[in-house]
Amino acid sequence: MEPDAPKRPGKGAAIILTLFFQITVALFIYALLKAENAVVVALLLASLGASFWTVSRNPAALDQLAATLRQHRAMALSLTLLILLAVPLLVGSDVYILHLLILAQLYAVLALALNFQLGSANIPNFATSASYGIGAYASALLATGLGIGFWLAVPAAVLIATLLCLAVGLLAMRARDTHLALVTIAFAVVVHQLLNTLAWTGGANGLSGIPVPTLFGHSFADPLRALGIRLPSQANFYYLSAALLAVMILAARRLQASRVGLAWNAIRADEIAARAQGIDVTRYKVTAYLADAAFAALAGAIYAAYISYISPENFTFLLSVTIMTMVIVGGMDNIAGVLIGAFLITVLPEKLRLFSDYRLFIFAAIVIAFLLIRPQGLFPKRLRAYGAAA
């Protein structure tokens, strides 16, 4: 006789549970952003670890929470959107928090883009920094050298980065495993060296004076007024990066549920079997690589306009390692997990600057620890659902 399925909470209890979960997550994020003392940060991380340990001991509770959030998806999304819109109003003039959130959202875009390859298709790619840098430099050069506005320079930069990565991808994606990883590492190093030596990219001095975008006559360098409150200029880029992240999440969800996502998962499971089933493995690998490159270039263009100054040191190999760490820690092929991994790996190094000189070592230790202890990441990938169960 099969055991009875766990009882679902009533509608009222489900709504309260959804609100409690989202508000708790928002409060934790706010507390972590405001924390200045390393001891406070350590306590917050300990509480997060204890929560994950408790949930891992009771997977039925996690399934129940996931089912409840799906049941009230519209309300959950509406509350999330409301919280995101209200963040600049809540932090006020604290430009440091806004800066961290802008970086976290841009890095989340990079991590979700890399997840197309590393998570969905198990394709190692250490060239995220190259695509990101090409997008940033292309948009900056178009703006400073040719006077092209931001809204035209961005799609042009994305096109340039995609075409350059296509030339590399057609060759690189025919390799496998270690050889593929080495090709992407070489591409990242070559791009960094070219940015560092070419005169028209500014060389080691980089590019400065990158103009900020304007929208309907409003310059993003000017303060933003909302509900009678004067917000710092960083709020403009906060909302712009939030809009990009929303588009990225929607694209990731659509691709994950599509035939393309199914082909990526088949390649991840067994590349030889996928090829035997008639899947054009090289084509789908290149598709994942180009999707990664396009979104990375888009994030890079926004980053260049936000910072107004870029140099090769912004696009080193360490950035690629950092983005890969976000995907592995959060949970490969899990959108929510990648988002959480991106936030944690962006914010924690800023809160623990005492160890900034050992950042690469710490990232390597984190990756090794997760691969040995919890290879599925904080949030394991979800099983693909079909039909009415989707």
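Residues numbered from 1 in each chain as written. Predicted model: local features only at pLDDT ≥ 70, side-chain atom pairs only at ≥ 80, totals over all residues. Heavy atoms only, no water.

Some words on the overall build of the protein
Per the secondary structure count, the protein includes 15 helices and six strands. At 21 Å, the protein has a C-alpha radius of gyration in line with the 21 Å of a compact globule built from 390 residues. By principal-axis analysis of the C-alpha atoms, the protein measures approximately 75 × 60 × 40 Å. Expressed as a percentage of its 390 residues, the buried residues of the protein come to 45%. Put simply, of all contacts in the protein between residues at least 6 apart along the chain, 78% involve residues at least 24 apart. If you sum the accessible surface of the protein, you get close to 20000 Å²; carbon and sulfur atoms cover 68% of it. Positive and negative side-chain charges in the protein, numbering 25 and 15 respectively, have mean positions lying 7 Å apart. (Helix = DSSP H or I, 4+ residues; strand = E, 2+ residues; numbered from the N terminus. Rg over C-alpha atoms; globule rule 2.2 N^0.38 Å. Buried < 20%, exposed > 50% of the residue type's maximum accessible area, 1.4 Å probe, protein only. Contact = heavy atoms within 4.5 Å. Areas by Shrake-Rupley, 256 points an atom, 1.4 Å probe, with all protein chains shown as cover. Lys, Arg positive; Asp, Glu negative; His and termini not counted. Charge placed at Lys NZ, Arg CZ, Asp CG, Glu CD.)

Quick look at the packing of aromatic side chains
Summed over the entire model, instances satisfying the criterion amount to eleven aromatic pairs. The interplanar angle of 35 degrees and the centroid separation of 5.9 Å between the aromatic rings of F126 and F317 together place this pair among those described as tilted. Taken together, the residues span a long stretch of sequence, with F126 in the loop between α5 (95–118) and α6 (128–145) and F317 in helix α13 (residues 317–330) at a distance of 191 residues. Residue F126 is classed as buried on the basis of its relative accessible area, which comes to 17%. (Phe/Tyr/Trp six-rings, centres within 6.5 Å; stacked < 30°, edge-to-face > 60°.)

Points about the nonpolar core
With 105 residues, the main nonpolar core has L32, Y132 and I310 as its most contacted residues. Dropping the residues within four chain positions of it, I310 is found in contact with A136, Y137, A140, G206, L207, I210, Y303, A304 and F315. (Core = buried A, V, L, I, M, F, W, Y, C linked by side-chain atoms within 4.5 Å.)

Quick look at a nonpolar patch on the surface
On the surface, L19, I23 and L27 cluster together to form a nonpolar patch covering roughly 260 Å² of accessible area. With respect to the helices and strands, I23 occurs in helix α1 (residues 11–34). Residue classification places I23 among the partly exposed positions, given a relative accessible area of 43%. (Patch = residues over 30% accessible without salt bridge, like charges linked within 9 Å, V, L, I, M, F, W, Y side chains within 5 Å. Salt bridge = Lys/Arg side-chain N within 4 Å of Asp/Glu carboxyl O.)

A look at helix α10 (residues 259–269)
Those residues of α10 that sit buried are G261, A263, W264, N265 and I267. N-capping of α10 is provided by S258, with a side-chain oxygen placed 3.3 Å from the backbone N of V260. (Polar contact = N/O pair within 3.5 Å; in protein donor to acceptor, adjacent residues only side chain to side chain.)

Some remarks on unusual backbone geometry
The backbone of N122 sits at a positive phi, close to 60 degrees, despite the residue not being glycine. Residue placement: N122 occurs in the loop between α5 and α6.

With respect to the pattern of salt bridges
Taken as a whole and judged by the stated rule, the model has four salt bridges. With its nearest N and O atoms 2.9 Å apart, the salt bridge here joins D333 to R268. Of the two residues, D333 sits in the loop between α13 and α14 (335–351) while R268 sits in helix α10, which places them 65 residues apart along the sequence. Relative accessible area serves as the criterion here: at 24%, R268 is assigned to the partly exposed category.

What to know about the environment of L141
Following the sequence through the fold, L141 ends up in helix α6. For L141, a relative accessible area of 23% corresponds to the partly exposed category. Remark: the alpha-carbon pair of L141 and G202, spanning 61 residues in sequence, is separated by 9.9 Å. With near-sequence residues (within four places) excluded, L141 lies in contact with L146, W200 and L207.

Notes on the environment of P88
Within the secondary structure, P88 sits in helix α4 (residues 73–91). Owing to a relative accessible area of 1%, P88 belongs among the buried residues under this scheme. Note: C-alpha distance between P88 and Q234 (146 residues apart in sequence) is 9.0 Å. Once residues within four sequence positions are removed from consideration, P88 is found in contact with L98, L231, A235, Y238 and Y239.

Some words on helix α9 (residues 234–257)
For the α-helix, the turn length of 3.6 residues means that residues three or four positions removed from each other point alike. Look at α9: 35 Å from first C-alpha to last across 24 residues, which is about the 34 Å you get at 1.5 Å a residue. When α9 is considered as a whole, its buried residues turn out to be A235, N236, F237, Y238, L240, S241, A242, L244, L245, M248, A251 and A252. (Expected span 1.5 Å × (residues − 1).)

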